[in-house]
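This is what each chain is made of:
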Amino acid sequence: MESSFPFGVTLAVLASLIIAANALVAVAVLLLIHKNDGVGLCFTLNLAVADTLLGVAISGLVTDQLSSPPRPTQKTLCSLRMAFVTSSAAASVLTVMLIAFDRYLAIKQPLRYFQIMNGLMAGSCIAGLWLVSYLIGFLPLGVPIFQQTTYQGPCSFFAVFHPRFVLTLSCVGFFPALLLFVFFYCDMLKIASMHSQQIRKVEQAGAMAGAYRPPRTPSDFKAVRTVAVLIGSFTLSWTPFLITGIVQVACQKCYLYLVLERYLWLLGVGNSLLNPLIYAYWQKEVRQQLYQMALGVKKGLTSFLLLLSARDGGPEGPRESSCPITTISHSQLHGEDGEGREVSK
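- As recorded in an unreviewed UniProt entry, the protein goes by Glucose-dependent insulinotropic receptor and comes from Panthera pardus.
- In the Sequence similarities (unreviewed entry) part of its UniProt record, the protein is described as follows: "Belongs to the G-protein coupled receptor 1 family."
- Looking at the protein in UniProt, the text filed under Function (unreviewed entry) is "Receptor for the endogenous fatty-acid ethanolamide oleoylethanolamide (OEA) and lysophosphatidylcholine (LPC). Functions as a glucose-dependent insulinotropic receptor. The activity of this receptor is mediated by G proteins which activate adenylate cyclase. Seems to act through a G(s) mediated pathway."

### Topic: the pattern of salt bridges
And step 1. As enumerated under the stated definition, the model contains two salt bridges in all.
And step 2. Linking D102 and R103 is a salt bridge whose minimum nitrogen-to-oxygen distance equals 2.8 Å.
And step 3. Overall, the relative accessible area of 2% leaves D102 in the buried class.
And step 4. Using a relative accessible area of 27% as the deciding quantity, one classes R103 as partly exposed.
And step 5. A salt bridge links D187 to K108, with the nearest nitrogen and oxygen atoms 3.6 Å apart. With D187 in helix α9 (residues 163-208) and K108 in helix α4 (residues 75-108), the pair connects residues that are 79 residues apart, well separated along the chain.
And step 6. Judged by relative accessible area, K108 falls into the partly exposed class, the value being 40%.

### Some points on the nonpolar core
And step 1. Core analysis: the largest hydrophobic core is formed by 67 residues, its most contacted members being I58, M82, F157, F241 and W265.
And step 2. The element contributing the most residues to this core is α4, with 14 residues.
And step 3. When neighbours within four sequence positions are excluded, W265 is seen to be in contact with F7, L11, I58, L61, M82, V85, F157, F241 and L260.
And step 4. Among the nonpolar cores identified, the runner-up in size contains 12 residues, and A28, V29, L41 and A48 belong to it.

### Regarding the side chain of T86
And step 1. Within the secondary structure, T86 is located in helix α4.
And step 2. Among the polar contacts made by the side chain of T86, one reaches the main-chain carbonyl oxygen of M82 at a distance of 2.7 Å.
And step 3. With sequence-adjacent residues up to four places away left out, T86 is seen in contact with G137, F157, F161 and F165.

### Quick notes on a nonpolar patch on the surface
And step 1. The grouping of V49, L53, L80, F84, Y134 and L141 at the surface amounts to a nonpolar patch, some 450 Å² of accessible area in total.
And step 2. Elements supplying a minimum of two residues to the nonpolar patch: α2 (39-59) and α4.
And step 3. Mapped onto the elements of the fold, V49 is located in helix α2.
And step 4. A relative accessible area of 35% means that V49 is categorised as partly exposed.

### Observations concerning the environment of L167
And step 1. Relative to the assigned elements, L167 resides in helix α9.
And step 2. For L167, a relative accessible area of 28% translates into the label partly exposed.
And step 3. Placed 76 residues apart in sequence, L167 and I243 show a C-alpha to C-alpha distance of 8.4 Å.
And step 4. Those residues in contact with L167 that lie beyond four places of it in its chain are I246 and V249.

### Concerning the state of the cysteines
And step 1. In the structure shown here, the tally under the stated rule is two disulfides.
And step 2. Each sulfur in the disulfide pair C78 and C155 lies 2.0 Å from the other. Looking down the S-S bond of the C78 and C155 bridge, the torsion is 90 degrees, so its handedness is right-handed. With C78 in helix α4 and C155 in the loop between α7 (139-142) and α8 (157-160), this residue pair connects regions lying 77 residues apart in the sequence. Exposure class is identical for C78 and C155. Each is buried.
And step 3. Shown here is the disulfide that connects C251 with C254, its sulfur atoms set 2.0 Å apart.

### Some points on the environment of P154
And step 1. By the element assignment, P154 lies in the loop between α7 and α8.
And step 2. Residues P154 and Q74, 80 residues apart in the sequence, show an inter-C-alpha distance of 9.3 Å.

### Notes on the packing of helix α11 (residues 257-269) against helix α12 (residues 271-282)
And step 1. Between α11 and α12, whose axes approach to 5 Å, the crossing angle comes to 30 degrees. Classified by the angle between their axes, α11 and α12 sit roughly parallel to one another. In this structure, α11 contributes L267, G268 and V269 to the contact, and α12 contributes N271, S272 and L273.
And step 2. When the residues that make up the contact of α11 with α12 are grouped by side-chain class, the tally is three nonpolar, three polar and no charged.

### Overview of the UniProt feature "transmembrane region" (unreviewed entry) in the protein
And step 1. The feature "transmembrane region" (unreviewed entry), as given by UniProt, occupies residues 12-33, 40-62, 82-101, 122-145, 165-186, 223-243 and 263-282 in the numbering adopted here.
And step 2. With 100% helix and 0% strand, residues 82-101 has its two end C-alpha atoms placed 28 Å apart.
And step 3. The distance from the first to the last C-alpha atom of residues 165-186 is 31 Å, and the span holds 100% helix and 0% strand.

### Re the confidence of the model for the protein
And step 1. In this model, the protein carries an average pLDDT of 81, and 81% of its residues clear a pLDDT of 70 or more.
And step 2. The lowest-confidence element of the protein is helix α14 (residues 330-333), averaging 47 in pLDDT; the highest-confidence one is helix α6 (residues 119-137), averaging 94.
And step 3. Low pLDDT, under 50, characterises residues 315-331; the stretch is placed with five contacts to residues that sit more than four places away or in other chains.

Rules and cut-offs
Residues numbered from 1 in each chain as written. Predicted model: local features only at pLDDT ≥ 70, side-chain atom pairs only at ≥ 80, totals over all residues. Heavy atoms only, no water. UniProt positions renumbered as here; feature names shortened; annotations may be inferred. Salt bridge = Lys/Arg side-chain N within 4 Å of Asp/Glu carboxyl O. Buried < 20%, exposed > 50% of the residue type's maximum accessible area, 1.4 Å probe, protein only. Helix = DSSP H or I, 4+ residues; strand = E, 2+ residues; numbered from the N terminus. Core = buried A, V, L, I, M, F, W, Y, C linked by side-chain atoms within 4.5 Å. Contact = heavy atoms within 4.5 Å. Polar contact = N/O pair within 3.5 Å; in protein donor to acceptor, adjacent residues only side chain to side chain. Patch = residues over 30% accessible without salt bridge, like charges linked within 9 Å, V, L, I, M, F, W, Y side chains within 5 Å. Areas by Shrake-Rupley, 256 points an atom, 1.4 Å probe, with all protein chains shown as cover. Disulfide = S-S within 2.5 Å. Axes fitted to C-alpha atoms, helices over the stretch in contact; angles between N-to-C directions. Parallel < 35°, antiparallel > 145°, perpendicular 65-115°, else oblique. Nonpolar A, V, L, I, M, F, W, Y, C, P; charged D, E, K, R; others polar. pLDDT = per-residue confidence, 0-100.

As structure tokens, this is what we get:
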């Protein structure tokens, strides 16, 4: 068996980056929700939470991979671990779909958006999303045809789950979701183009009437851009793994498990690292909040260093006493005045 130590190191680094990046974005989004109380931000927070849980779930596999030789894990424990990994990954993908639908609804029904997507609706969507995610993740534990008949450690996805499970997920979940993504994107692009033409006509009419308004980019295009980047990241990350899994089902003699588990599965999990980077770069409010957090940390660190410096005496050394010091000459000490005569007592 090929050494799994490099794979374990890669998994450990990836898990650490996923947890750190998504936790940072989650804190920034929480601060934004406290300021603005936006429903759309709740979906962004849910995405950061799902990706953080995925990082925590895959970090449980690191110990098995780094041990030499790889430490065997019981099949039941391995199945539970991979079920949690699959559930977190499904929650991340479903949240991306929910964000795309939320942006689509905001563009499609701008006047009724806040009536439709209120706090109760958003909470129901998030609760239903996690319920579906855990049903997907734990499905192989209740369906024998999705389980491997034999188990050989170390713990990995295809050590306990049969490629038929990947085939089912691809046909029932991934490809329909991808088609839905494309529909959302095309319709959003069409609506955004119509809004842009209407704004351009209004600006031209204002210019002819003598009122100048600077040109602006409608916010619809920003939403379309964010959805496009999310779709691209989601597709490029998970498509190779799912398609290769389908090939493995069709070709039983093709032993593709090593490629699936060591490379393509990591590529799909890496989508959870791309999501916070996308929001940190493309979403202006999240980017500004992260910048303010960085300034706050810098200010706090500077104040702490100044406090330590002042407690240690500072770089200028000990200060001189502000109390005046009276100098007594030798003659005054012996009771004589300035001309050497004795002073009467």
